[in-house]
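Structural features, examined
Below are the chains, spelled out letter by letter.
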Amino acid sequence: LAAELSSRGRRLLDKVGEPGLPDSLRLQIQRDIEEVGLATARLLPGTKAMILKLELMGESVCSRWHQDRYTCRSIITYNGSGTVYAHNDNVNF
């Protein structure tokens, strides 16, 4: 799985248009894809598919996410105010 995530991450980052991303950011995103992807896969061992995306988000996107019925979503914020984390007591796995 690690090799597959690494390969998919490189292909995803290769699609970023000109002028591209700074090398340090590309490396960080690649590492995050591999590490967070493996952690997510361990949390959900019966999952048959994982979707990998790199998206630019505006404001108020949470309402869209809460309607898609995904089992799990792993989000990493690279710029802006970031993600609001819920206390473990508020998460129901």
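Structure first, text after, so check above.
Reference entry: report on the structure contained in this document. (Residues numbered from 1 in each chain as written. Predicted model: local features only at pLDDT ≥ 70, side-chain atom pairs only at ≥ 80, totals over all residues. Heavy atoms only, no water.)

Some remarks on the pattern of salt bridges
- Inspection of every chain in the model, using the stated rule, returns 2 salt bridges.
- Of the charged contacts in the structure, one is a salt bridge between Glu4 and Arg8, with a shortest N-O distance of 3.5 Å. Of this pair, Glu4 and Arg8 are both found in helix 1 (residues 2-14), 4 residues apart, which corresponds to roughly one turn of the helix.
- Judged by its relative accessible area of 39%, Glu4 is partly exposed.
- Across the pair Asp14 and Arg26 runs a salt bridge, and its minimum N-O distance is 3.3 Å. A residue pair is termed long-range when its members are at least 10 positions apart, and Asp14 in helix 1 and Arg26 in helix 2 (residues 23-43) qualify at 12 residues.
- Relative accessible area serves as the criterion here: at 57%, Asp14 is assigned to the exposed category. (Salt bridge = Lys/Arg side-chain N within 4 Å of Asp/Glu carboxyl O. Helix = DSSP H or I, 4+ residues; strand = E, 2+ residues; numbered from the N terminus. Buried < 20%, exposed > 50% of the residue type's maximum accessible area, 1.4 Å probe, protein only.)

Here we look at a nonpolar patch on the surface
- Taken together, Leu54, Ile76 and Tyr78 make up a surface patch of nonpolar side chains, about 230 Å² in accessible area.
- Secondary-structure assignment places Leu54 in the loop between helix 2 and helix 3 (62-65). (Patch = residues over 30% accessible without salt bridge, like charges linked within 9 Å, V, L, I, M, F, W, Y side chains within 5 Å. Areas by Shrake-Rupley, 256 points an atom, 1.4 Å probe, with all protein chains shown as cover.)

Re helix 2
- When the terminal C-alpha atoms of helix 2 are compared, their 30 Å separation across 21 residues agrees well with the 30 Å that a helix rising 1.5 Å per residue should span.
- Of all the residues in helix 2, the buried ones are Ile29, Gln30, Asp32, Ile33, Gly37, Thr40 and Ala41. Buried residues of helix 2 fall within an arc of 165° about the axis and therefore sit on the same side. Across helix 2 from its buried face, at more than 90 degrees, point the exposed residues Asp23, Ser24, Glu35, Arg42 and Leu43.
- Each element contacted by the buried residues of helix 2 is listed here: helix 1. (Expected span 1.5 Å × (residues − 1). Arc of directions from axis to C-beta. Contact = heavy atoms within 4.5 Å.)

Things to note about the packing of helix 1 against helix 2
- Running from N to C, helix 1 and helix 2 cross one another at 145°; their axes reach a closest spacing of 9 Å. Regarding helix 1 and helix 2, the two cross each other, and that crossing is right-handed. Side by side, helix 1 and helix 2 meet where Ala2, Leu5, Ser6, Gly9, Arg10, Leu12, Leu13 and Asp14 of the first sit next to Arg26, Ile29, Gln30, Ile33, Glu34, Gly37 and Leu38 of the second.
- The residue makeup of the contact of helix 1 with helix 2, split by class, is 7 nonpolar, 4 polar and 4 charged. (Axes fitted to C-alpha atoms, helices over the stretch in contact; angles between N-to-C directions. Left-handed = near helix turned anticlockwise from the far one by under 90°. Nonpolar A, V, L, I, M, F, W, Y, C, P; charged D, E, K, R; others polar.)

Re the environment of Val16
- Its location among the elements puts Val16 in the loop between helix 1 and helix 2.
- The partly exposed category is assigned to Val16, whose relative accessible area is 28%.
- Along the sequence, Val16 and Leu54 sit 38 residues apart, while their C-alpha atoms lie 9.2 Å from each other.
- Each residue touching Val16, except ones within four places of it in the same chain, is listed here: Leu21 and Leu54.

Let's talk about the environment of Leu56
- The residue Leu56 is located in the loop between helix 2 and helix 3 in this model.
- It is 9.9 Å that separates the C-alpha atoms of Leu56 and Thr77, two residues lying 21 residues apart in sequence.

Just geometry here; none of it tells us what the structure is for.
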